[in-house]
Protein chains: 2
Amino acid sequence: MSRHSTEETLLTPSEVAALFRVDPKTVTRWAKAGKLSAIRTLGGHRRYRESEVRRLLDVPQQRAV
Amino acid sequence: MSRHSTEETLLTPSEVAALFRVDPKTVTRWAKAGKLSAIRTLGGHRRYRESEVRRLLDVPQQRAV
DNA sequence: AATCATTCGGGTAATTCGGGGG
DNA sequence: GCTGTCCGAATTACCCGAATGA
């Protein structure tokens, strides 16, 4: 359908943190480390793709070489 | 096509807000801050250019420098 | 004309950012 | 190496009543 990655449902840092049961700051570190892609608001806040988060949640132990 | 030189799809504040996963009020602040150009209805409501919004969304990682 | 959702405005909480240190 | 916490500053979210849009 859409080639745009922007047509994606986005999650806030706290929402992702709640799903993983970690601190929102930890999610930020994942984004900085490139383990999780982030879209920025015009104010610099991060938003995360729900599909990507769910995929990571579903895969028990995925190791990024 | 169109008889207009620049046929542009306009988005409402809530539509833009949904794409960025922010509050519509936040989009208004972006417009006030000049981060996003806005077209005004005759009643004063803002409309945003879809192409501009998509361009901003597709920016992978914008750094706050 | 009248309804209903949205978008004005402003003002005030809550969240997030970044860096740094445990 | 990874995570949780402290700090100040910036950004965003929710509150209201009134006006606009459809």
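Before reading on, note that the structure itself is shown above.
Predicted model only: the values in this text are computed from it and were never measured. (Residues numbered from 1 in each chain as written. Chains lettered and ligands numbered in written order. Predicted model: local features only at pLDDT ≥ 70, side-chain atom pairs only at ≥ 80, totals over all residues. Heavy atoms only, no water.)

Caption draft 1: Here's a closer look at the pairing of strand 3 (residues 46-49) of chain B. All names here are of chain B. Alternating residues of strand 3 divide into Arg-46 and Tyr-48, all buried, and Arg-47 and Arg-49, none buried. The pairing of strand 1 (residues 10-11) with strand 3 spans 2 bridges and is antiparallel. Bridging across to strand 3, Leu-11 finds its partner in Tyr-48. Of the pairings in the sheet, the one linking strand 2 (residues 38-40) to strand 3 comprises 3 bridges and is antiparallel in character. (Buried < 20%, exposed > 50% of the residue type's maximum accessible area, 1.4 Å probe, protein only. Helix = DSSP H or I, 4+ residues; strand = E, 2+ residues; numbered from the N terminus. Pairing = 2+ DSSP bridges.)

Caption draft 2: Structural detail: the packing of aromatic side chains. All names here are of chain A. Inspection of the entire model under this criterion finds 2 aromatic pairs over all chains. Measuring from ring centre to ring centre gives 5.0 Å for Phe-20 and Trp-30, while their planes differ by 80°; the resulting arrangement is edge-to-face. One end of the pair, Phe-20, is in helix 1 (residues 13-20); the other, Trp-30, is in helix 2 (residues 24-32), and 10 residues separate them in sequence. We classify Phe-20 as partly exposed; its relative accessible area is 24%. (Phe/Tyr/Trp six-rings, centres within 6.5 Å; stacked < 30°, edge-to-face > 60°.)

Caption draft 3: Representation of the protein's contact with DNA strand C within the structure. Around DNA strand C, the structure places 20 residues, and the nearest of them are A:Ser14, A:Lys25, A:Arg46, B:Ser14 and B:Lys25. Near the protein, meaning within 4 Å, the atoms of DNA strand C are sugar or phosphate in a fraction of 68%, with bases accounting for the rest. Here a base oxygen of DNA strand C sits 2.3 Å away from a polar atom, N or O, in the side chain of B:Lys25. Broken down by secondary-structure element, the contributors of at least two residues to the surface near DNA strand C are helix 1 and helix 2 of chain A together with helix 1 (13-20) and helix 2 (24-32) of chain B. Partitioning the surface near DNA strand C into residue classes produces 2 nonpolar, 10 polar and 8 charged. (Near = heavy atom within 4 Å. Polar contact = N/O pair within 3.5 Å; in protein donor to acceptor, adjacent residues only side chain to side chain. Nonpolar A, V, L, I, M, F, W, Y, C, P; charged D, E, K, R; others polar.)

Caption draft 4: Fine view of the protein's contact with DNA strand D. Near DNA strand D lie 22 residues; those nearest to it are A:Thr26, A:Arg29, B:Asp23, B:Thr26 and B:Thr41. Backbone atoms, meaning sugar plus phosphate, form 67% of the atoms of DNA strand D positioned within 4 Å of the protein. Within the side chain of A:Thr26, an N or O atom sits 2.3 Å from a phosphate oxygen of DNA strand D. When contributions to the surface near DNA strand D are tallied by element, the ones reaching two or more residues are helix 2 of chain A together with helix 2 of chain B. Its residues placed into classes, the surface near DNA strand D shows 4 nonpolar, 8 polar and 10 charged.

Purely geometric numbers; function is a separate question.
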